[in-house]
Amino acid sequence: MSKDLKDLEQKAVVSEEKAKELEEAVDGASHHRELTGWLKYTFMTIAIVGALFHLYVLNLHPIEPWVFRSIHLALGAILGFILFKSWKSSKKVNIFDWLLIGATIYVSFYIYTNVSALLFRFGVMPQTQDTIVAVLGLIIVLELTRRTSGWTLPILAGIFILYVFAGPWLPGILNHNGYSFGRFATYIFGMDGVFGVTLDVSSKYILLFIIFGAFLQLSGVGKYFIDFSFSLAGGMRGGPAKVSVISSGLMGMMNGTSAGNAVATGSLTIPLMRRVGYSGRFAAATEATASAGGQIMIPIMGAGAFIMAEVTGIPYSEIIIAATIPALLYFLSVYFMVDFQALKNGMKGLSRKELPSLKGILKQAYLFIPIILLIGALLAGYSVIRSGTVAIFACFVVSWIHPSTRMGLKKVLHALELGMKNTIQLLAVCACAGIIVGVIALTGVGLRFSSMLLGIADNNMFLALLFAMGISILLGMGMPTTAAYAVAASVVAPGLIQIGIEPIFAHMFVFYYAVMSAITPPVALAAYAAAGVAGTDPFKTGVTAFKLGIAAFIVPFMFIYSPQLLMEGTGLSIAVACITAAVGIYLLSAAVQGWFAKKSANIFVRILLIVASLCLINSNWTMDLIAIAIIVGAVFVQRMRVNEEPLTQKIG
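Since this is a predicted model, take the numbers as computed values, not measurements. (Residues numbered from 1 in each chain as written. Predicted model: local features only at pLDDT ≥ 70, side-chain atom pairs only at ≥ 80, totals over all residues. Heavy atoms only, no water.)

### So, the overall build of the protein chain
For step 1, the next point in the chain: In terms of helices and strands, the protein chain carries 30 helices and 2 strands.
For step 2, the next point in the chain: On C-alpha atoms alone, the protein chain measures out to a radius of gyration of 25 Å, which is about the 26 Å that the 2.2 N^0.38 rule sets for 652 residues.
For step 3, the next point in the chain: For the C-alpha atoms alone, the extent of the protein chain along its principal axes is close to 80 × 65 × 50 Å.
For step 4, the next point in the chain: Residue pairs at least 24 apart in sequence account for 77% of intrachain contacts in the protein chain once pairs closer than 6 positions are excluded.
For step 5, the next point in the chain: Element-wise, carbon and sulfur atoms account for 67% of the exposed surface of the protein chain, whose accessible area totals about 25600 Å².
For step 6, the next point in the chain: Looking at the protein chain, you have 43 positive and 30 negative side-chain charges, and the mean spots of the two groups are 8 Å apart. (Helix = DSSP H or I, 4+ residues; strand = E, 2+ residues; numbered from the N terminus. Rg over C-alpha atoms; globule rule 2.2 N^0.38 Å. Contact = heavy atoms within 4.5 Å. Areas by Shrake-Rupley, 256 points an atom, 1.4 Å probe, with all protein chains shown as cover. Lys, Arg positive; Asp, Glu negative; His and termini not counted. Charge placed at Lys NZ, Arg CZ, Asp CG, Glu CD.)

Here's what the structure looks like:
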């Protein structure tokens, strides 16, 4: 990063210390403890050993899945109870924390020593000791999730647990016969619940790629992404907003949490956006919307794609190929939004001297090698684990090309510790989401919901999709994307598949809206986090973020009605679908921002643009020709209106 850009960063409204404080607030229900002395080194040792243990088991010596997942959960819980305060006032590890740590070790040891018998007993004919262990395990998961992610997900899990016992007295599709307490507890804490698909993905893929992200950060590759974004887009009109879109997409795909990424990247981009003329609320909303989009950015997709691969059985390489166009359409929509805002306000970008040297950026292009290797290995058919491990090793090797990025032993150990530390929150939400998934499987409510969706679709497919969209967003509110998708995939996706939608289309539809829940009021986590950085009203920032992302809300409908957008069909049909979808996104963005054909658009023109954009949802020539006719009409109306003087004659 250039000296001038460093100076800008130092002048940012939010100091580095404040940004760190905000990030901790987002990452957990309470701030991290400041570890010192022997406790600090104990935490560091457990984290490093835990990271190495996972890499060893995943690559060299597989062990029994339940044992591996229980150790994964135990390591995360022990580290979590040390690092995260039980309450804001508990600055030191107290007796309650030690009791939870002891219970965690006991539960993990019990599973390890009895795993063969438990595979047959749990959830079917449990013994008293099995039930006690399961209850302890559920308490550990709920408390760990509360500390790391707040109350939303534990409360939702509690509602589902209550449903298990209240079901016999509930009407309609919610009714079930009920279950004994022992069967319920052991089933939910077994391989169909807490230790099911979500924790399996956490132990195999999420941790691996968060370690990869830590190596990117400490090897200088992550910093290079931001410098690259500034060099590429910083000089454009409203440049810092476009930098936010690009850098948040690159960093957010590895972060796993849109709220955390909004704080980490936003601490730099938000003050710069304000500097060139964007309001604080718009700057925060832009960062939130871009950070949320990072969760659908290929090839990592914020870890949700790994769950999709496990749930559907579709190869990961096919998922990232299918996700490519929808991801690009999302960021295209956000780009149009910020560009129209810059046009309306006559904004300029940063001067060239304030940006990183383009020559210097090109000289460091080798720092993209780890990402290129990762994508290449995945597309070549190598396993996700092998590809991720190669990418981690590539980060280390690439760092040695230049002394400023070189990773010695100390940095490598720090990266391993950071990777394990950053996994705690996602590990917790995956385990807690497993409780909800387990209840859905135990009670069969998911199948009954699918039948209801099928009944709606008999009357109107579009109405069924609208209903599925609403449920996906509602289930995702207040939760990290990974948990939001896991829950929505259990409730909504089977219903969409039952009404005749292909599995990859159904799951991509659900995943997309689980991501959108982070910028959907009233509980828009990413927007609230970015508002904390900008010092703006959280709810109003959430509304603005929703407005910025609204064009992206039609993308899932586009790929349901135009399968070509998920790479289905011939090359020509895919190209035509991409063009029409991009035009539709452009028109909807223009309508929302009220700017079209180089001047402000009145309500009549905006309605025309919305209608034209909706016509382009379904890729067929008839609808495309209707859309073209409407666009021509809108342009004609704009030309016929009294010529309005733009806010500025020269836009940088």
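After presenting the structure, the write-up continues.
### Focus: the packing of helix H3 (residues 37–59) against helix H18 (residues 384–399)
For step 1, the next point in the chain: Look at H3 against H18: their axes get within 10 Å of each other, and the N-to-C directions meet at 130°. By the criterion of interaxial angle, the relationship of H3 to H18 is oblique. As H3 packs across H18, the resulting crossing turns out to be left-handed. Across from Leu55, Leu58 and Asn59 in H3, the residues of H18 making contact are Ile385, Arg386, Thr389 and Ile392.
For step 2, the next point in the chain: Its residues assigned to classes, the contact of H3 with H18 comprises 4 nonpolar, 2 polar and 1 charged. (Axes fitted to C-alpha atoms, helices over the stretch in contact; angles between N-to-C directions. Parallel < 35°, antiparallel > 145°, perpendicular 65-115°, else oblique. Left-handed = near helix turned anticlockwise from the far one by under 90°. Nonpolar A, V, L, I, M, F, W, Y, C, P; charged D, E, K, R; others polar.)

### So, helix H26 (residues 538–549)
For step 1, the next point in the chain: With 12 residues, H26 should reach 16 Å at 1.5 Å per residue; the first-to-last C-alpha distance of 16 Å fits that figure.
For step 2, the next point in the chain: Within H26 the residues assigned to the buried category are Thr541, Gly542, Thr544, Ala545, Leu548 and Gly549. Seen end-on, H26 carries its buried residues on one side only, within an arc spanning 165°.
For step 3, the next point in the chain: Where H26 begins, the capping side chain belongs to Asp537, and its oxygen is found 3.2 Å from the backbone nitrogen of Phe539. (Expected span 1.5 Å × (residues − 1). Buried < 20%, exposed > 50% of the residue type's maximum accessible area, 1.4 Å probe, protein only. Arc of directions from axis to C-beta. Polar contact = N/O pair within 3.5 Å; in protein donor to acceptor, adjacent residues only side chain to side chain.)

### Observations regarding the packing of aromatic side chains
For step 1, the next point in the chain: Here the structure, examined in full by the defined rule, presents 29 aromatic pairs.
For step 2, the next point in the chain: Between Tyr330 and Phe331 the ring centres are 5.5 Å apart and the planes differ by 75°, which places this aromatic pair in the edge-to-face class. Across the pair, exposure class does not vary: Tyr330 and Phe331 are buried alike.
For step 3, the next point in the chain: Centroid distance Phe336 to Phe340: 6.5 Å. Interplanar angle 35°. Geometry classified as tilted. In this pair, Phe336 and Phe340 are both assigned in helix H15 (residues 316–345), 4 residues apart and thus about one turn of the helix distant.
For step 4, the next point in the chain: Of the residues examined, Phe336 reaches a relative accessible area of 16% and is grouped as buried.
For step 5, the next point in the chain: Between the NZ or CZ atom of Arg146 and the centre of the ring of Trp87, over which it lies, the distance is 4.3 Å. (Phe/Tyr/Trp six-rings, centres within 6.5 Å; stacked < 30°, edge-to-face > 60°. Lys NZ or Arg CZ within 6 Å of the ring centre and 35° of its normal.)

### Focus on the pattern of salt bridges
Close approach of charged atoms lets side chains of opposite charge pair.
For step 1, the next point in the chain: Across all of its chains, the model carries 10 salt bridges by this definition.
For step 2, the next point in the chain: With a shortest N-O distance of 2.8 Å, Arg121 and Asp130 are connected by a salt bridge. When sorted by exposure, Arg121 lands in the same class as Asp130, which is buried.
For step 3, the next point in the chain: Among the ionic pairs, Asp339 bridges to Arg237, the shortest N-O distance being 2.8 Å. Of this pair, Asp339 sits in helix H15 while Arg237 sits in the loop between helix H10 (221–233) and helix H11 (239–255), and the two are 102 residues apart along the sequence.
For step 4, the next point in the chain: Overall, Arg237 belongs to the partly exposed group, its relative accessible area being 26%.
For step 5, the next point in the chain: Bridged by salt links that share partners, the residues Arg33, Asp97, Glu143, Arg146 and Arg147 form one connected network. (Salt bridge = Lys/Arg side-chain N within 4 Å of Asp/Glu carboxyl O.)

### Some details on the environment of His507
For step 1, the next point in the chain: On the secondary structure map, His507 appears in helix H24 (residues 503–516).
For step 2, the next point in the chain: In this structure His507 comes out as buried when scored by relative accessible area, which is 4%.
For step 3, the next point in the chain: For His507 and Met308, which are 199 residues apart along the polypeptide, the C-alpha to C-alpha distance reads 7.0 Å.

### A closer look at the side chain of Gln638
For step 1, the next point in the chain: The topology assignment puts Gln638 in helix H30 (residues 621–640).
For step 2, the next point in the chain: Classification of Gln638 by relative accessible area gives buried; the value is 1%.
For step 3, the next point in the chain: A polar side-chain atom of Gln638 sits 2.6 Å from the main-chain carbonyl oxygen of Phe596.
For step 4, the next point in the chain: Setting aside chain neighbours within four positions, we find Gln638 in contact with Phe596, Ala597, Lys599, Ser600, Ala601 and Val605.

### Brief notes about H3
For step 1, the next point in the chain: Given a rise of 1.5 Å per residue, 23 residues ought to cover 33 Å, and the 34 Å separating the end C-alpha atoms of H3 matches this to within 8%.
For step 2, the next point in the chain: Within H3, burial applies to Leu39, Phe43, Ala47, Ile48, Gly50, Ala51, His54, Leu55, Val57 and Leu58.
For step 3, the next point in the chain: Elements in contact with the buried residues of H3: helix H4 (65–83), helix H5 (95–121), helix H9 (197–219), H18 and helix H19 (409–443).

### Observations concerning the confidence of the model for the protein chain
For step 1, the next point in the chain: In this model, the protein chain carries a mean pLDDT of 84, and residues with pLDDT of at least 70 account for 93%.
For step 2, the next point in the chain: For the protein chain, the element scoring lowest by mean pLDDT is helix H2 (residues 16–27), at 44; H4 scores highest, at 96.
For step 3, the next point in the chain: For residues 11–30, every residue scores under 50 in pLDDT, and the model assigns this stretch 44 contacts once sequence neighbours within four places are set aside.
For step 4, the next point in the chain: Overall, residues 645–652 carries pLDDT values under 50, and its contacts beyond four positions in sequence, including any with other chains, amount to 11 contacts. (pLDDT = per-residue confidence, 0-100.)

### Here's the deal with the state of the cysteines
For step 1, the next point in the chain: Scanning all chains against the criterion turns up 0 disulfides.
For step 2, the next point in the chain: Summary of cysteine pairing: Cys432 is not part of a disulfide, and the nearest cysteine sulfur, belonging to Cys430, is at 10 Å. (Disulfide = S-S within 2.5 Å.)

### A short note on unusual backbone geometry
For step 1, the next point in the chain: One non-glycine residue, Met567, lies in positive phi territory at about 65°.
For step 2, the next point in the chain: Positionally, Met567 belongs in the loop between helix H27 (555–561) and helix H28 (571–593).
For step 3, the next point in the chain: The backbone of Ala597 shows a phi angle near 55°, a positive value even though the residue is not glycine.
For step 4, the next point in the chain: Structurally, Ala597 is set in the loop between strand E1 (595–596) and strand E2 (599–600).

### Focus on the environment of Val515
For step 1, the next point in the chain: Tracing the chain through its elements places Val515 in helix H24.
For step 2, the next point in the chain: Residues Val515 and Pro65 lie 450 residues apart in sequence; the distance between their C-alpha atoms is 29 Å.
For step 3, the next point in the chain: When neighbours within four sequence positions are excluded, Val515 is seen to be in contact with Ala292, Gly293, Gln295, Ile296 and Thr481.

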